[in-house]
Amino acid sequence: MVQVPRQAWLTLAVVSASVFMVAMELTIIALALTEIRDAFAGTTTAALSWVISAYSIVVAALLLGSGWLADRYGRRRIFRLGLTVFALGSIVAGASTSITMLIAARGLQAVGGSMQYPAGLALLLSAFPQQRRQTAIGIWGSMGALAAAMGPSAGALLIELFNWRAVFYVNVPVAAAALALSARALQRDQGDESRGRVDMIGAPLASFGVGAIILGVVQGQEWGWASGNSFAVFALGVVMIAGFVVRSTRHAAPLFDLELMRIRSFSLGNLGSLFFSVGFFALLIPLPAFMQDVWGWSVVETGLAYAVGPTVSFLVAPQAGRLADRVGNAPLLTVGSLCGMGGTLWYLLALTTQPALGPLLGGSVLLGIAAGTGFSQLVGAALHAVPADRYAMAAAGRTTFFQLSVAFAIALAFTLIGEPTGAAATLDAYRTTWLLSVCAFACNFVLFAAVYPGRSVLRFGRLRRAPADS
């Protein structure tokens, strides 16, 4: 077995602490949405969706620039700066006096998050030998799952003891601990000063273009789908995305090299992230509001029940990472997609307007397996054929697409749910989003069972693995 140096494990610890903080934030915010809505009079469902979507869109807009900054000025330096900015954004979010200020603070958090991710993942991949990278990614992914598991119960306790503001303030000590550890654990790197001028306009064009489309999705029902406002934002989104493609193909130093999309595993891995995001986040983010509004559960009851799926994910993800070193990412993603379909169908068929812990937990276990064999495996599936000197750019590009997929999934879910009145109408609205999730998981299953290179296919009842290609 290939030996892993001590420095690599220390790097994994620091990067995992960062992932822990950001993942815990997402699950806690999902739990706190009802309290945030009540705290700011007149807050609409669409505005609540922007509390989450604003983070994803701003992160996506800045990730590629942050990847370039990490390569240019040093990954360690940019990673630590990102931790600091994220902590500052958390303080501002906790002190918000309006929903607009909270959304803006989430944008500031996103600036810090955009610096942490590409620099941190590049540090991690560079620290581990090739033969042990999937194991490292699995452990890294499990820390996010652990945070997601702890987030609901910890968030419920914080909200119960204090209020919703505490779910933002809790990030500050975590960021401070990660900063202290990173000062000693992360290897210093000088960056590549030969990296000169770069296109800092192209990539944000794509992110804000998708943001404009998401705005149209969120506001379309209120504006009217055929209204001038809807047409304008959709057209603006298309034009900005087209501008990104043109600049990236013509600029001498694009932030994202479109040649990476020629790596088949990279492009298909990103497509899988879209399907998985729609399947998972369209279901899980609105779910706490359903349990509180329809079932009448308290924040603590919701948090404890919500934690089951992430706990299963935490247990599954490290084992999935070790297994992926032997069999590849595609078989695990195929199984995970089946579990996602099964868990969502379970919700669709079993959940009613009457509280039902048993059916809820049954579906949550399957969705936890899907998450444990999904999130980190999607990273590995996208990046495994990327050259080492392109890690930061590819990781930033992959995460940009993932964050935009998350924002799109959440916006679409809240749009489909709308503003129903009465328990029966609310259940029908949620069932529509659950059906969407089933379809998305089914698409992911087909992608990794039959299309992705190095895929696993079932032939004559025996599992066979096709040769990998890029």
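Everything numeric in this text was worked out from a predicted model, so none of it was measured.

Looking now at the overall build of the protein chain. Looking only at helices and strands, the protein chain features 18 helices and two strands. Its C-alpha atoms give the protein chain a radius of gyration of 21 Å, within 12% of the compact-globule value 23 Å for 470 residues. Taking all contacts inside the protein chain whose residues are at least 6 apart in sequence as the whole, residues at least 24 apart take part in 82%. Accessible area for the protein chain stands at about 18300 Å²; split by element, carbon and sulfur atoms hold 66% of it. Between the averaged position of the 29 positive side-chain charges in the protein chain and that of its 19 negative side-chain charges there is a distance of 12 Å.

Relative to the 42 Å expected for 29 residues at 1.5 Å per residue, helix H4 (residues 99-127) spans 41 Å between its end C-alpha atoms, a close match to the ideal helical length. Taking burial as the measure, the 29 residues of H4 include 21 buried ones, the bulk of the element.

Attention shifts here to the nonpolar core. Among the nonpolar cores identified, the biggest contains 69 residues, and Leu102, Leu287, Leu360 and Trp434 are the most heavily contacted of them. Here this core takes ten residues from helix H1 (residues 6-39), the largest share from any one element. Leaving out residues up to four positions away in the same chain, tryptophan 434 has contacts with Leu283, Leu287, Phe290, Thr344, Tyr347, Leu348, Leu351 and Leu427. Core analysis: the next-biggest nonpolar cluster, separate from the first, contains 54 residues, Ala8, Met21, Trp68 and Leu125 among them.

Bringing the environment of alanine 127 into the picture now. Mapping alanine 127 onto the fold places it in helix H4. Counting along the chain gives 60 residues from alanine 127 to glutamine 187, while the straight-line C-alpha distance between them is 9.1 Å.

Let's shift gears to the pattern of salt bridges. If you walk through the whole model with that rule in mind, you get three salt bridges. Arginine 37 is the partner of aspartate 38 in a salt bridge, and the nearest nitrogen-oxygen pair spans 3.8 Å. For aspartate 38, a relative accessible area of 56% puts it in the exposed group. For arginine 37, a relative accessible area of 29% gives the class partly exposed. As a salt-bridge pair, arginine 262 and glutamate 259 come within 3.0 Å of each other at their nearest N and O atoms. Since its relative accessible area comes to 46%, glutamate 259 is described here as partly exposed. The network of salt bridges with common partners includes Arg37, Asp38 and Asp293.

To continue, consider helix H7 (residues 171-185). Its 15 residues give H7 an end-to-end C-alpha distance of 20 Å, which sits within 8% of 21 Å, the value for a rise of 1.5 Å per residue. Considered for burial, the residues of H7 that qualify are Asn171, Val174, Ala175, Ala178, Leu179, Ser182 and Ala185. Down the axis, H7 shows its buried residues gathered within 145 degrees of arc, on one side only. Facing away from the buried surface of H7 by more than 90 degrees, the exposed residues are Pro173 and Arg184.

Glancing now at a nonpolar patch on the surface. Among the surface-exposed residues, Leu88, Ile91, Val92, Met101, Leu108 and Tyr169 lie close enough to one another that they form a single nonpolar patch of about 460 Å² accessible area. When residues of the nonpolar patch are traced back to their parent elements, those giving at least two are helix H3 (75-94) and H4. Looking at the nonpolar patch, the element that brings in the most residues is H3, giving three residues. Within the element layout of this structure, isoleucine 91 appears in helix H3.

Here the focus is the packing of H1 against H3. The contact between H1 and H3 brings their axes to 12 Å, and the two run at 25 degrees. By the angle between their axes, H1 is roughly parallel relative to H3. Seen along the crossing, H1 lies across H3 with a hand that is left-handed. Touching Val14, Val15, Ser18, Met21 and Val22 of H1 are Phe79, Leu83 and Phe86, all from H3.

All told, the structure shown has 19 aromatic pairs when counted by the stated rule. Relative to phenylalanine 402, the ring of phenylalanine 281 lies with its centre 6.2 Å away and its plane at 70 degrees, an arrangement referred to as edge-to-face. Highlighted residues: phenylalanine 281 in helix H10 (residues 264-284) and phenylalanine 402 in helix H17 (residues 391-417), separated in sequence by 121 residues. Here phenylalanine 281 matches phenylalanine 402 in class, with each residue buried. Taken together, a centroid distance of 5.5 Å and an interplanar angle of 65 degrees make the contact between phenylalanine 290 and tryptophan 295 edge-to-face. Assessed through its relative accessible area of 0%, phenylalanine 290 is described here as buried.

Here is what the cut-offs are and how they apply
- Here the residue numbering is sequential within each chain, running from 1 through the sequence in written order.
- Since the coordinates come from a predicted model, pLDDT governs what is reported: local features require at least 70, and pairs of side-chain atoms require 80 or more to be given and counted, while whole-chain, interface and lining totals use all residues.
- With hydrogens and water stripped out, all remaining heavy atoms of the structure feed into the side-chain values.
- Put simply, DSSP H or I for four residues or longer makes a helix, DSSP E for two residues or longer makes a strand, and each gets a number counted from the N terminus.
- Here the globule rule is a power law, 2.2 Å times the number of residues to the power 0.38, and the radius of gyration is based on C-alpha atoms.
- Working rule for contacts: check all heavy atoms of both residues, and any pair within 4.5 Å makes them a contact.
- For the accessible areas, the method is Shrake-Rupley and the probe is 1.4 Å, while residue cover comes only from the protein chains on display.
- Here the positive residues are Lys and Arg and the negative ones are Asp and Glu; neither His nor the chain ends is included.
- Taken as the charge centre is NZ of Lys, CZ of Arg, CG of Asp or CD of Glu, depending on the residue.
- Multiply 1.5 Å by the residue count of a helix minus one, and that product is the helix's expected span.
- In this scheme, a residue with accessible area under 20% of its type's maximum is buried, one over 50% is exposed, and one in between is partly exposed, where area comes from a 1.4 Å probe on protein chains only.
- Only buried Ala, Val, Leu, Ile, Met, Phe, Trp, Tyr and Cys residues count toward a nonpolar core, and they belong to the same one when joined by side-chain atoms within 4.5 Å.
- We count a salt bridge whenever a side-chain nitrogen from Lys or Arg sits within 4 Å of a carboxyl oxygen from Asp or Glu.
- Within this analysis, the arc is defined by the directions that extend from the helix axis to the C-beta atoms.
- What makes a patch is a set of residues exposed beyond 30% relative accessible area and free of salt bridges, joined within 9 Å when like-charged and within 5 Å when nonpolar (Val, Leu, Ile, Met, Phe, Trp, Tyr).
- Axis definition: a line fitted to C-alpha atoms, over the contacting stretch in the case of helices. Angles run 0 to 180 degrees between N-to-C directions.
- Oblique is the label for every angle not falling under 35 degrees (roughly parallel), over 145 degrees (roughly antiparallel), or within 65 to 115 degrees (roughly perpendicular).
- Crossing handedness is read from the near helix: turned anticlockwise from the far helix by less than a right angle, it gives a left-handed crossing, and turned clockwise, a right-handed one.
- Two rings from Phe, Tyr or Trp (for Trp, the six-membered ring) form a pair when their centres sit within 6.5 Å of each other. Planes less than 30 degrees apart are called stacked, planes more than 60 degrees apart edge-to-face, and all others tilted.

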